Amino acid sequence: MTDYVKKVINGFMEDIRGSASTPAGEHLFQIRAEEERVKLDNQRAQCFHGTVAQLLFVTMQCRRDIQTAVVFLTTRVKDPDEDDWAAQTCFKIPPWNSVPVFDIGC
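Thresholds, definitions, all that
The numbers attached to residues start from 1 for each chain and follow its sequence in the written order. Thresholds applied to this predicted model are a pLDDT of at least 70 for local features of residues and 80 or more for the giving and counting of side-chain atom pairs; totals over whole chains, interfaces and linings are not thresholded and use all residues. No hydrogens and no water enter the side-chain calculation; it runs on all heavy atoms of the structure. Note on geometry: axes are lines fitted to C-alpha atoms, helical ones only across the stretch in contact, with angles between N-to-C directions running from 0 to 180 degrees. Think of it this way: any DSSP run of H or I at least four residues long counts as a helix, any run of E at least two long counts as a strand, and we number them from the N terminus. Two helices cross in a left-handed way if the nearer one is turned anticlockwise from the farther one by less than a right angle. They cross in a right-handed way if the turn is clockwise. Contact criterion: two residues are considered in contact whenever any of their non-hydrogen atoms come within 4.5 Å of each other. Basically, the charged four are Asp, Glu, Lys and Arg, the nonpolar ten are Ala, Val, Leu, Ile, Met, Phe, Trp, Tyr, Cys and Pro, and anything else, Gly included, counts as polar. Whether a residue is buried, partly exposed or exposed follows from its accessible area with a 1.4 Å probe, protein chains only, as a fraction of its type maximum: under 20%, in between, or over 50%, in that order. Only the six-membered ring of Trp is used, alongside the rings of Phe and Tyr, when aromatic pairs are assigned; centres must lie within 6.5 Å, and planes under 30 degrees apart are stacked while those over 60 apart are edge-to-face, with the rest tilted. In a helix, the anticipated span is given by 1.5 Å times the number of residues less one. Directions drawn from the helix axis to the C-beta atoms are what define this arc.

Draft legend 1. Inspection of the packing of helix H2 (residues 42–61) against helix H3 (residues 67–74) at higher detail. The N-to-C vectors of H2 and H3 enclose an angle of 145°; their axes lie 9 Å apart at closest approach. The handedness of the crossing between H2 and H3 is left-handed. For the pair H2 and H3, the contacting residues are Phe48, Val52, Leu55, Leu56, Thr59 and Met60 in the first and Gln67, Val70, Val71, Leu73 and Thr74 in the second. Counted by class, the contact of H2 with H3 contains 8 nonpolar, 3 polar and no charged residues.

Draft legend 2. Geometry of the side chain of arginine 44. As for its placement among the helices and strands, arginine 44 is situated in helix H2. Beyond its immediate chain neighbours, meaning those up to four positions away, arginine 44 contacts Met13, Glu14, Glu82 and Trp85.

Draft legend 3. Region of the structure containing the side chain of aspartate 84. If you trace the backbone, aspartate 84 turns up in helix H4 (residues 82–88). Since its relative accessible area comes to 5%, aspartate 84 is described here as buried. Here aspartate 84 is in contact with Arg37, Phe48, Leu73, Arg76 and Asp79, once residues within four sequence places are set aside.

Draft legend 4. Local environment of the packing of aromatic side chains. Applying the stated criterion across every chain yields a total of 2 aromatic pairs. Arranged with centres 5.1 Å apart and planes meeting at 70°, the rings of tyrosine 4 and phenylalanine 57 form a pair that is edge-to-face. Of this pair, tyrosine 4 sits in helix H1 (residues 2–11) while phenylalanine 57 is found in helix H2, placing the two residues 53 residues apart along the sequence. On the basis of relative accessibility, which here comes to 39%, the residue phenylalanine 57 falls in the partly exposed class. Ring geometry for phenylalanine 29 versus phenylalanine 72: centroids 4.9 Å apart, planes at 70°, classification edge-to-face. Here phenylalanine 29 is found in the loop between H1 and H2, whereas its partner phenylalanine 72 is found in helix H3, with 43 residues between them in sequence.

Draft legend 5. Seen up close, H2. In this model, H2 (20 residues) spans 29 Å end to end at C-alpha, consistent with the 28 Å of a helix rising 1.5 Å per residue. Taken as a whole, H2 has its buried residues at Arg44, Ala45, Cys47, Phe48, Thr51, Val52, Leu55, Val58 and Thr59. What you see down the axis of H2 is that its buried residues fit within an arc of 155°, all on one side. For H2, the exposed residues set more than 90 degrees away from the buried face come down to Asn42, Gln43 and Gln46.

As far as function goes, none of this settles anything; it's purely spatial.
Here you go:
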């Protein structure tokens, strides 16, 4: 499972390694009005959808701590915007070379 988590992280379009006190920020559940939303381009929307699907699998296998945030993001995959993208990039996982694998979650 650790290899799968590494694949998800390395396959994302941006660097999401780092640390955070919670899996997602306080802004996760805040949704802008339709006229204020900036929708993602097709490439990033597809990346968002794929990564959320992979994270959902990870939550069921070994990372129950990110389940609330990931389940919310699954409601946003049909028409994601910049805020959804920012929420997704808030998942912080320490760099692989500085932390033992068991600390990452699997």
